[in-house]
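Reading the structure
Spelled out, the chains give:
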Amino acid sequence: MIRAFSYNEFLFLLSAVQWTLALSAIAFIGGATVGLVIALARTSDIKAVRLAATGYIQLFQGTPLLMQLFLVFFGATVMGLDLNPWAAAALGLTLNASAFLGEIWRGCIQAVPRGQWEAASALGLRYPGLMRYVILPQAVKVAVPPTVGFLVQLIKSTSLAAIIGFTELTRAGQIVNNATFQPFLVFGIVAVLYFLMCWPLSLLSARLERRYALATR
Amino acid sequence: MASAYDTTDVPAPRPVSGEVVIRMAGVQKWYDSFHVLKDIELEVHKGERIVICGPSGSGKSTLIRCINQLEKHQKGTITVNGVTIDSAHRHLDQVRRDVGMVFQQFNLFPHLTVVENCMLAPMRVRGTSKQEARDIAMKYLARVRIPEQADKYPGQLSGGQQQRVAIARSLCMNPKVMLFDEPTSALDPEMVKEVLDTMIGLAEDGMTMLCVTHEMGFAKSVADRVIFMDRGEIVEQATPAEFFTNPKSERTRNFLGQILTH
């Protein structure tokens, strides 16, 4: 039986936006937390730590996100863990985001001039204080525009969670399409909804970048 | 090399105590195969003001940067205030607390105000309270004569003012020795004097100072001893009077000929 696409179907799509946003938020928070550790490890003085972080980044940047989600989702089952699609998607995206954010932030940390590290060290600050009070506050300013830009990528990436069965916006679109069989209309609306989430962030990122360029001129 | 303490022809012979603050013995350093420091022997006494000069690439900056271990040496020992630098963190911490450093590029923290720049290390390294750190900071900002700039950001100050803040920031840690790494080389000519005057003031108060500089006027009027380095070696050390009028080595004469003729 084919249903007509009505206001109810539209509301169903709209309500799925919250799951896309929730998954994006969790992946971003998790990715940022782990990503900071990765960025610090990448800039560490200890070679083994640096190499481990580099390997982690290479691994997640060199394989498709969809494979990572599959591996987390099915891998958990193999290891005897019952991970629901929600948790698997959150975990997979967190790991992936942490690798990308770690690499973006490594660049931002290294953009802080060497003289700042030297001055702080000469004053007797040890690594934790040096990072917290001198290096990271300066790195954050450089990091904001590319981080917001990455958030746009992340929101779009959550659509892959549909494939492991998590009902976010894309999955909701598939469900509605299966009932109404109006793919162009349904996925057109889905695309517009993604655009409405991402476009403001893209604008913000561009604006922050301009402001940063002005501030450092 | 004999330490040249000739009291007969020095303009203002100053008694320097026998207490050794810095001792470098057999210090060697390589950058890969490039031998930057060759068997450095140096003793700095309390209250002594030493100027280190030499052509660029001679190792003079590297030498003072080894004292607080911004550069690691590979051989020999460096002892500061009785603490010998080794791989123990607490020894390095102790040395860095006793040694202040002023850089060519100032290296102020651009995200902090002038007074916050001065308060950071006392609070985070010594655990001084915020109020006390502010009092200390204001005291030293007054001493370098810019207390009125306390709440500005470094980017709003001139180069000379920034360098004076950098000096105040070091002094807030109450160092026993101050290292200056070409402190006036990045300054516009009209700002050199205000920084040199601040350094002269410090010297008059008895601060032990090691200064890498090309300011030969400063060397003549302030230094107790001038050290000439070339190709990683200490070639000659003497009182300024002797160094400038009667340099012993050919390399020193060449160097002085080059810098004093223009």
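In this text the structure is predicted, and so the values were computed from the model without any measurement. (Residues numbered from 1 in each chain as written. Chains lettered and ligands numbered in written order. Predicted model: local features only at pLDDT ≥ 70, side-chain atom pairs only at ≥ 80, totals over all residues. Heavy atoms only, no water.)

Moving on to the side chain of Gln-69 of chain B. Residues and elements named next belong to chain B. With respect to the secondary-structure elements, Gln-69 resides in the loop between α1 (60-67) and β4 (75-80). Residue classification places Gln-69 among the buried positions, given a relative accessible area of 7%. At 3.1 Å, the side chain of Gln-69 forms a polar contact with the side chain of His-73. With sequence-adjacent residues up to four places away left out, Gln-69 is seen in contact with Ile-78, Ile-85, Leu-92 and Arg-96. (Helix = DSSP H or I, 4+ residues; strand = E, 2+ residues; numbered from the N terminus. Buried < 20%, exposed > 50% of the residue type's maximum accessible area, 1.4 Å probe, protein only. Polar contact = N/O pair within 3.5 Å; in protein donor to acceptor, adjacent residues only side chain to side chain. Contact = heavy atoms within 4.5 Å.)

The next point concerns the UniProt feature "transmembrane region" (unreviewed entry) in chain A. All names here are of chain A. UniProt marks residues 20-41, 53-74, 86-105, 142-164 and 184-204 with the feature "transmembrane region" (unreviewed entry), using the numbering shown here. Helix makes up 86% of residues 53-74 and strand 0%. Its end C-alpha atoms lie 25 Å apart. The span residues 142-164 is 70% helical and 0% strand by assignment, and the distance between its end C-alpha atoms comes to 36 Å. (UniProt positions renumbered as here; feature names shortened; annotations may be inferred.)

This next bit is on helix α3 (residues 65-78) of chain A. Residue and element names in this part refer to chain A. With 14 residues, α3 ought to run about 20 Å at 1.5 Å a step, and its terminal C-alpha atoms sit 19 Å apart, in line with that. If you follow the buried residues of α3, they end up packed against α2 (47-61), α4 (85-110) and α6 (127-157). Once α3 ends, the next one or two residues include Gly-80, with phi positive near 85°. (Expected span 1.5 Å × (residues − 1).)

Inspection of every chain in the model, using the stated rule, returns ten aromatic pairs over all chains. A ring pair is formed by Phe-70 of chain A and Phe-74 of chain A, whose centres lie 5.7 Å apart and whose planes are at 45°; its orientation type is tilted. Linking Phe-70 of chain A with Phe-74 of chain A, this pair stays in helix α3, spanning four residues, or about one helical turn. When its relative accessible area of 46% is taken as the criterion, Phe-74 of chain A is described as partly exposed. Chaining the aromatic ring pairs together yields one cluster made of Trp-19, Trp-86 and Phe-166 of chain A. A cation over a ring is seen here: Lys-220 of chain B above Phe-244 of chain B, with NZ or CZ 5.0 Å from the ring centre. (Phe/Tyr/Trp six-rings, centres within 6.5 Å; stacked < 30°, edge-to-face > 60°. Lys NZ or Arg CZ within 6 Å of the ring centre and 35° of its normal.)

Further remarks concern the interface of chain A and chain B. Contacts between chain A and chain B engage 16 residues on the former and 22 residues on the latter. Of the roughly 1700 Å² buried between chain A and chain B, counting both surfaces, carbon and sulfur atoms make up 62%. In this assembly, chain A and chain B are joined by two salt bridges. For Asp-93 of chain B, the salt bridge goes to Arg-126 of chain A, with nearest N and O atoms at 2.6 Å. At the level of secondary structure, the elements contributing two or more residues to the side of chain A that touches chain B comprise α5 (114-122) and α6 of chain A. When residues in the side of chain A that touches chain B are grouped by element, the largest group, seven residues, is from α5 of chain A. Among the residues making up the side of chain A that touches chain B, the classes are represented as eight nonpolar, five polar and three charged. (Buried area = accessible area lost by both parts, 1.4 Å probe. Salt bridge = Lys/Arg side-chain N within 4 Å of Asp/Glu carboxyl O. Nonpolar A, V, L, I, M, F, W, Y, C, P; charged D, E, K, R; others polar.)

Once that is clear, we can look at a positive patch on the surface. A grouping of Arg-132 of chain A together with Arg-124, Lys-130 and Arg-134 of chain B is seen on the molecular surface, where their side chains present a positively charged patch. Looking at the secondary structure, you find Arg-134 of chain B in helix α4 (residues 130-143). On the basis of relative accessibility, which here comes to 32%, the residue Arg-134 of chain B falls in the partly exposed class. (Patch = residues over 30% accessible without salt bridge, like charges linked within 9 Å, V, L, I, M, F, W, Y side chains within 5 Å. Areas by Shrake-Rupley, 256 points an atom, 1.4 Å probe, with all protein chains shown as cover. Lys, Arg positive; Asp, Glu negative; His and termini not counted. Charge placed at Lys NZ, Arg CZ, Asp CG, Glu CD.)

Residues and elements named next belong to chain B. Strand order in the open sheet formed by six strands is β6-β7-β8-β3-β9-β10, and the pairing between neighbours is mixed. Only two strands of the sheet have a single neighbouring strand rather than two, namely β6 (99-102) and β10 (233-238). Strand-to-strand twist across the sheet, computed as the mean angle between neighbouring axes with direction ignored, equals 20°. Helix α2 (residues 89-98) rests against β6 and β7 (177-181) of the sheet, and its axis sits at about 60° to β6. Along the sheet, helix α5 (residues 159-171) contacts β6 and β7; its crossing angle with β6, the most-contacted strand, is approximately 170°. (Pairing = 2+ DSSP bridges. Axes fitted to C-alpha atoms, helices over the stretch in contact; angles between N-to-C directions.)

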